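If you want the building blocks of each chain, they are given just below.
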Amino acid sequence: MGDIIKLPPAKLKGTMSVEEALHARRSTREYATTALKLQDVSQLLWAAQGITAAAKGLRTAPSPIAVYLVQAYLVAGNVEGLKPGVYSYKPQNHGLELVKSGGLEAQLGTLGQQVFGAAPALVVIASLDDKASKTFGDFAVRASSLEIGHVAENVALQATAMGLGLVTASGFDNGKARDILGLPASETPVYLIPVGRMV
Ligand SMILES: Cc1cc2nc3c(=O)[nH]c(=O)nc-3n(C[C@H](O)[C@H](O)[C@H](O)COP(=O)(O)O)c2cc1C
């Protein structure tokens, strides 16, 4: 494992209720050019996969038999304190490990949606396909998909509560996205979630 970049701790109190976030959540595809802060991405990744029960390693989102079938990544384009690149989120450390360095705006723009190249950051939710197949056999895709839905909604409500705009997008070529992001063949990037400050 490479160097781990520690993220600032996530906050456990905010200013918007769950009900208000449910009411306010909307898909947003245009963002201000302002950078996101490290605290912002810390909070979003914690919402996605943060550890909330250390003894058993349980996370913010549920998982069938707590086996955890997803890996969250951050694509940092314009995030204060992070060099542009793809980072793997490490729940146990609440930290990031660099997977691929360099800005990916142009390449992400080739995935067919302008929003992918325009966001200051993207949260990527990848399915751990080998783990899912070994654990669940024929049920693997359904189990992964259900878990990914939970993770994405966590991110959506968290971003909304922080006043950030986002869209949970799955309309792209998964294999092409895997290559661009530098992910292993055993994983599939299922959701790209561009996120940024509202215009
Ligand atoms: C599984 C799934 C895939 C989606 N894929 C995309 C996408 O590729 N691009 C996009 O702009 N929006 C995508 N969306 C967002 C929907 O277009 C959006 O949720 C819908 O228009 C309702 O708008 P709302 O989210 O503001 O309520 C997706 C939503 C879901 C649940």
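Residues numbered from 1 in each chain as written. Predicted model: local features only at pLDDT ≥ 70, side-chain atom pairs only at ≥ 80, totals over all residues.

### Digging into the overall build of the chain
A tally of helices and strands in the chain yields seven helices and nine strands. A compact globule built from 199 residues should have a C-alpha radius of gyration of about 16 Å, and the chain, at 16 Å, falls within 12% of that. Taken over the C-alpha atoms alone, the chain extends approximately 45 × 35 × 35 Å along its principal axes. When burial is assessed residue by residue, the chain has 41% of its 199 residues classed as buried. Contacts spanning at least 24 positions in sequence make up 73% of the contacts within the chain whose residues lie at least 6 apart. (Helix = DSSP H or I, 4+ residues; strand = E, 2+ residues; numbered from the N terminus. Rg over C-alpha atoms; globule rule 2.2 N^0.38 Å. Buried ≥ 20, exposed ≤ 12 C-beta atoms within 10 Å, placed from the backbone. Contact = placed C-beta atoms within 7 Å.)

### Points about the packing of helix H2 (residues 38-49) against helix H6 (residues 140-161)
Interaxial distance between H2 and H6 falls to 7 Å at its minimum, and their mutual angle equals 145°. Note that H2 runs across H6; the crossing there is right-handed. For the pair formed by H2 and H6, the contact residues are Gln43, Leu44, Ala47, Ala48 and Gln49 on the first element and Val151, Asn154, Val155, Gln158 and Ala159 on the second. (Axes fitted to C-alpha atoms, helices over the stretch in contact; angles between N-to-C directions. Left-handed = near helix turned anticlockwise from the far one by under 90°.)

### Some details on the packing of helix H5 (residues 129-136) against H6
Look at H5 against H6: their axes get within 8 Å of each other, and the N-to-C directions meet at 125°. When the axes of H5 and H6 are compared, the pair comes out oblique. Pair H5 / H6 crosses with right-handed handedness. On H6, the residues that touch Ala132, Ser133 and Phe136 of H5 are Ala140, Ala143 and Ser144. (Parallel < 35°, antiparallel > 145°, perpendicular 65-115°, else oblique.)

### Some points on the pairing of strand E6 (residues 95-101)
One ladder, built from three bridges, connects strand E1 (residues 4-6) with E6; its direction is antiparallel. The partner of Lys6 across the bridge, within E6, is Gly95. Bridging between strand E5 (residues 85-90) and E6 involves six bridges; their strand directions are antiparallel. Each residue of the ladder has a partner; that of Tyr87, found in E6, is Leu98. What sits between the antiparallel neighbours E5 and E6 is a turn of four residues, in which His94 has the positive phi angle 40°. (Pairing = 2+ DSSP bridges.)

### A closer look at unusual backbone geometry
For residues other than glycine, phi is negative in most cases, and the peptide bonds are mostly trans. A positive phi angle, near 45°, is found at Ile65, a position not held by glycine. Along the chain, the position of Ile65 falls in the loop between strand E3 (58-59) and strand E4 (70-76). A positive phi is found at His94, a non-glycine position, where the angle reads about 40°. Position of His94 relative to the elements: it lies in the loop between E5 and E6.

### Considerations on the nonpolar core
Where a protein is soluble and globular, its nonpolar side chains tend to be buried together. With 58 residues, the main nonpolar core has Leu74, Val123, Ile125 and Val155 as its most contacted residues. Per-element accounting of this core gives the leading share, eight residues, to H6. Non-local contacts of Ile125, meaning those with residues more than four positions away in its chain, are made with Ala48, Val70, Ala72, Ile148, Val151, Ala152, Val190, Tyr191 and Ile193. (Core = buried A, V, L, I, M, F, W, Y, C linked by C-beta atoms within 7 Å.)

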